[in-house]
2 protein chains.
Amino acid sequence: MDRGYGYHAELIQRHIELVPGYPGIRDALPELDLGEETLRAILGAAAEFAESRLVPINRAGDLQGCRFEAGRVLTPDCYKNAWEELTSAGWNSVDQPANFGGQGLPLFVNTACRELFDRACMAIGMLTGPTRAGTQVLLQFADPQVQDEWLPQLVAGKWSLTICISEADAGSDVGRIHSQAVQNSEGRWRVTGEKMWTSFGDHDLVERIGHLLLARSPGAPPGTAGLSLFLVPNKVKNSSGEWVVNGVIPRRIEEKLGLHGSPTCAMGFEGAEAYLLGRQHRGLSQMFVMIQSMRLMVATEGVGMSFGAEQAALSYAAERKQGGDPSRPPVAINDHADIQRQLLAMAGRVEVLRGMLYELAVRIDLERHGVAADERHARVTQWLLPIAKASCAEAAFEIPSAAIQVLGGAGYTREWPCEQWLRDARMMSIAEGSTGIQALDLLHRRLWRDDGETLAAFIDTARKELQGVSADLAAPALLVIDRLKRVAQQLLGWRERSRDAETGAVAFLQLAFLAVTGWIAVRLASRAGNDRIGRRLAAAGRYWLSDIDGRAALLERDALAGSAKLDQFHQILNG
Amino acid sequence: MDRGYGYHAELIQRHIELVPGYPGIRDALPELDLGEETLRAILGAAAEFAESRLVPINRAGDLQGCRFEAGRVLTPDCYKNAWEELTSAGWNSVDQPANFGGQGLPLFVNTACRELFDRACMAIGMLTGPTRAGTQVLLQFADPQVQDEWLPQLVAGKWSLTICISEADAGSDVGRIHSQAVQNSEGRWRVTGEKMWTSFGDHDLVERIGHLLLARSPGAPPGTAGLSLFLVPNKVKNSSGEWVVNGVIPRRIEEKLGLHGSPTCAMGFEGAEAYLLGRQHRGLSQMFVMIQSMRLMVATEGVGMSFGAEQAALSYAAERKQGGDPSRPPVAINDHADIQRQLLAMAGRVEVLRGMLYELAVRIDLERHGVAADERHARVTQWLLPIAKASCAEAAFEIPSAAIQVLGGAGYTREWPCEQWLRDARMMSIAEGSTGIQALDLLHRRLWRDDGETLAAFIDTARKELQGVSADLAAPALLVIDRLKRVAQQLLGWRERSRDAETGAVAFLQLAFLAVTGWIAVRLASRAGNDRIGRRLAAAGRYWLSDIDGRAALLERDALAGSAKLDQFHQILNG
């Protein structure tokens, strides 16, 4: 019954083909031959790699976990071969620049491969993800000699990168970073500070690790405006040409609920040599290249893991027999109405998330390659990003939990992968900007900062596509868009009442999510095709639409409830 | 900031005092002196025991887990002393009969103690819970000589009991149990079969384990009507008076997401000697005594663990500083609107769940002790039970997850208890009748079987109490009750359309939950008092009410959506 990763690849491919911008990027890059056949070959190979090489290390890595011994971090034994295979096959460099050894494919192809890989083993993706995102930062902000030194090694998977932002007292509040960077008279920088929550901050899979680190130089302004971005290698060559430790000290690894194969490190920097990247005091905005890439990565992970869990539940429910007339053989549990309801809810959610993901990935490619250079296009992308990050992260936890419910006792055991997806995914709505932070981002930076223009661009884009569809089908999506618009108009008047607006920010984000997914669901329901794959996507879209406006009504109310609803808080706090 | 278990006991006590039936049970049992002072002393001692003795074994037991060695199950090392202390202090026998050595206190007192203990360490409660519930079965259905042999040992904590219902092919579908019981010519029974999911099916904390087991005798009718209930000891005395193994073979323990301190056993029975309990073929209905007790136990665990997580989040958010004007020191994160919203949602939910729990526990005591013998009273109890079981189980998972969200990265680590509560609690909405099964129970047995009389009894009881309260305050609760009544009336007409009704059964259960908790929330908001404790409860009730009718409207629609919404299912299954 389990259709495996090949089926997964087919679904992804259909989604890509359904994105209106796909022909544009395909035709803009004729040398890459991004037609259906090439995509099928690439995704088929990625599916094969995921299923045969990454699935087996997922549970083994979870059970063995990482160790911190003699000041170094050791990853699970089974990761060594897998890393070697992954990097020698180039699966870590799908969209890395060809001139440094990468495959040079668009982002959406990398996203498709990542979705398959993350379903199979999210933990090892915590190494490829930041390295790939950091490579983009180096491409954009590093000096040519740093690029020439680092990029070929990174693309080859011989070296890796981390993101070092958080400190003990600076998590969501990045502006309070204390790490210091000091320049000597020769212009060379040294960094001192303590960083936390650094994935693969130390490990044994590569020869050298570079930390992309935010620090403050003497005299820098307070807050985020005083942060600069550095590349801090864990090793440097001494004057004799030997590799020596560069004052980068792994302090410990966290004991976590999940992601046991991904070492989450506390890192000390003790006067470590560093390269300044880009301009001083522009660290945070430069880092945003990487942060945005990481947010898309979280969305990708979320879709992959959610789908894995949905498929496990669908497959189990078709095989597990319970209930029905006691005088006859039991029926498959997917015959029961409540089980069908649960499975449809999962499948509907997964497919609209996936549709949103590829819409977003293709959009970014269209911008990168100059196919869509208009501001409206870019605005829609910016609108979608926090929504996709937050909603896919939440789904990646909730859908495995829903799958466990279908599996019953079996789902609670390690015989099935759902419990590991649940544990691994719980981090996703916290890391790379929590759901609450994404909601504030949507409110402050997307809605307020440009006076609703970003939202207007989204609504315009969605409505244009919906106009081409039968009114009946489009109706629920249009209703939700109307609600969103109404709420946004009110919130635009609440800039001086930011606490009122912030009370409802997560509800606003969720409402915006329903508006996006309504649009996507109509696309699936109307254009997915009438073969097996198309019928699944269409059914998922229709199911999603059947449910959407009632939920949106509740969120409309919650988004505008205002801070008066918090009046009880101090009674709870002091009660 | 963390107020600890003494504060927890104070909150419980206030809830008990607010239950309208409490004076009735207090006055009916004058010899027990169940006034405020006695309760305070008992709950204070239980809180002290939970905090000092059970909290320390919770993480240690989780980390070490249980082992299956040489055919026997070994519990975590730290459990030995804790079990000795727990049983010698009588905390396992709070409401066990005094004539067999128990404390003879009412169920609601035991519930209060269990709530404290389960917050501290749910895993070891998986031993006391079934033993206590099974004791009730023996009291009701065992022969006097079996009672005299078993009850003093069980109450003393020297022996224990399990529930053996599930088999590989008989989970929710109890009627498909295959285990066979055969009677020899002397009238002695022997049981053969394989059981699964037996908590503490084998372990090293007691000297003898009795399994309360459902099996089928030759010629018994198919389905649940052919099941008989047996007590199957793991050891019996041979003719020389020595203890020998009784054909009860632990097969393995499950590797689970959580509850690592509670061994979940697969058990083999190979011609094991057994005592028939009660009447042949009446096994399931007799077992319901135990099942009902276990469902209340799950609700109790759920409230305890949810509260623990809520308190961890409240405490962390008061101490953790992030954000605010970057030129000034950071503010506590509980200053942020979105964090306050999250904390209020948790606290509101915990307190209405707790109010429901003690309403239910006191009701059962009133019935047991003959204070409330009318049918209406019993109907309300039966109405509340599946609702309490399902809703507290869901909360026990969702509130720790919400707490992790407030704690951020810290919550994802083992430094804080939230991740363990999350893992331990995930079983609760599966075991003892999943949420889906509770919803079918509510629909078939509570609503349909007696033509809505049970619901009418609930509505009547709730409305009577709400009449005494200011109309403004009661209004949202009354609206939700009206919705529930409307939905129920329609569902009563759907008996011939059971698939339509079952599609919305979980939504109906959730709507019924909002109706119950609306009633309870009004009680808290209007009568909790004006001291520190009372102000928390009142604030929680008001917050809950602020939100309730919009949610109910959505559930009203979902409950009546009908099975047409499932039409897409086969496209998903075959897509």
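Residues numbered from 1 in each chain as written. Chains lettered and ligands numbered in written order. Predicted model: local features only at pLDDT ≥ 70, side-chain atom pairs only at ≥ 80, totals over all residues. Heavy atoms only, no water.

A. Structural context of the overall build of chain A. Counting its regular elements, chain A contains 19 helices and 11 strands. Expected size for 575 residues packed as a compact globule is a radius of gyration near 25 Å; at 24 Å, chain A falls within 12% of this value. Expressed along its principal axes, the backbone C-alpha trace of chain A runs to roughly 80 × 65 × 55 Å. By residue count, 65% of the 575 residues in chain A fall in the buried class. If you take every contact in chain A between residues at least 6 apart in sequence, the share linking residues at least 24 apart comes to 75%. (Helix = DSSP H or I, 4+ residues; strand = E, 2+ residues; numbered from the N terminus. Rg over C-alpha atoms; globule rule 2.2 N^0.38 Å. Buried < 20%, exposed > 50% of the residue type's maximum accessible area, 1.4 Å probe, protein only. Contact = heavy atoms within 4.5 Å.)

B. Examining the interface of chain B and chain A more closely. Every contact between the two is made by 89 residues of chain B and, on the other side, 89 residues of chain A. Summing both partners gives a buried area of about 7400 Å² for chain B against chain A, and 57% of it is carried by carbon and sulfur. Three residues, R176(B), Y412(B) and I572(B), lead the burial of chain B against chain A; their summed loss comes to 12% of the area buried on that side. For the pair chain B and chain A, the interface holds 4 salt bridges. Between E255(A) and R414(B) there is a salt bridge, with its nearest N and O atoms 3.1 Å apart. There are 49 residue pairs in polar contact (both at pLDDT 80 or more) connecting chain B and chain A. Looking at side-chain class alone, the side of chain B that touches chain A contains 32 nonpolar, 27 polar and 30 charged residues. (Buried area = accessible area lost by both parts, 1.4 Å probe. Salt bridge = Lys/Arg side-chain N within 4 Å of Asp/Glu carboxyl O. Polar contact = N/O pair within 3.5 Å; in protein donor to acceptor, adjacent residues only side chain to side chain. Nonpolar A, V, L, I, M, F, W, Y, C, P; charged D, E, K, R; others polar.)

C. Local environment of the packing of helix α9 (residues 337–368) of chain B against helix α17 (residues 532–546) of chain B. All names here are of chain B. Contact geometry for α9 and α17: axes closest at 8 Å, N-to-C directions at 105°. By the angle class used here, α9 and α17 are roughly perpendicular. Residue-level inspection shows R341, L344, A345, A347, G348, R349, E351 and V352 of α9 in contact with α17, the latter providing R536, L537, A540, Y543 and W544. Taken together, the residues of the contact of α9 with α17 break down into 8 nonpolar, 1 polar and 4 charged. (Axes fitted to C-alpha atoms, helices over the stretch in contact; angles between N-to-C directions. Parallel < 35°, antiparallel > 145°, perpendicular 65-115°, else oblique.)

D. Looking closely at the relation of the copies chain B and chain A. Least-squares fitting of chain B to chain A yields an RMSD of 0.0 Å, with the transformation described by 0.0 Å of translation along the axis and a rotation of 180°. What we have between these two chains is a two-fold relation. The position closest to the rotation axis in chain B is occupied by the C-alpha of L554(B), lying 3.8 Å away. Looking at the interface residues of chain B, 100% of them are also at the interface in chain A, so both copies use one shared face. (Least-squares fit on C-alpha atoms with pLDDT ≥ 70 in both.)

E. The nonpolar core, seen in detail. With 381 residues, the main nonpolar core has F458(A) and F458(B) as its most contacted residues. With 20 residues, the top contributor of residues to this core is helix α8 (residues 283–319) of chain A. Setting aside its immediate chain neighbours within four residues, F458(B) contacts V380(B), W383(B), L384(B), L484(B), A515(B), V516(B) and W519(B). (Core = buried A, V, L, I, M, F, W, Y, C linked by side-chain atoms within 4.5 Å.)

F. Here's a closer look at the pattern of salt bridges. Residue and element names in this part refer to chain A. In total, this model carries 96 salt bridges over all chains according to the counting rule given. Close ionic contact of E351 with R354 constitutes a salt bridge, the shortest N to O distance being 3.1 Å. Taken together, the residues E351 and R354, both in helix α9 (residues 337–368) and 3 residues apart, mark about one turn of the helix. In terms of burial, E351 and R354 fall into one category: buried.

G. Up close: the UniProt feature "domain: Acyl-CoA oxidase/dehydrogenase middle" (unreviewed entry) in chain A. Cross-referencing UniProt, the feature "domain: Acyl-CoA oxidase/dehydrogenase middle" (unreviewed entry) maps to residues 163–270 of chain A in the present numbering. Structurally, residues 163–270 of chain A comprises 0% helix and 48% strand, and the distance from its first C-alpha atom to its last is 17 Å. (UniProt positions renumbered as here; feature names shortened; annotations may be inferred.)

H. Here's a closer look at the packing of aromatic side chains. Residues and elements named next belong to chain A. Taken as a whole and assessed by the stated rule, the structure comprises 27 aromatic pairs over all chains. Centre to centre, the rings of Y22 and F108 are 6.0 Å apart; their planes meet at 85°, and the pair counts as edge-to-face. You can see Y22 sitting in helix α2 (residues 22–28) and its partner F108 sitting in helix α5 (residues 107–120), a full 86 residues away along the chain. Considered together, Y22 and F108 belong to a single accessibility category, that of buried residues. Look at W91 and F117: their rings are 5.5 Å apart centre to centre, the planes differ by 75°, and that puts the pair in the edge-to-face class. Taken as a pair, W91 in the loop between α4 (79–88) and α5 and F117 in helix α5 lie far apart in primary sequence, 26 residues in all. On the accessibility criterion, W91 (14% relative accessible area) is buried. (Phe/Tyr/Trp six-rings, centres within 6.5 Å; stacked < 30°, edge-to-face > 60°.)

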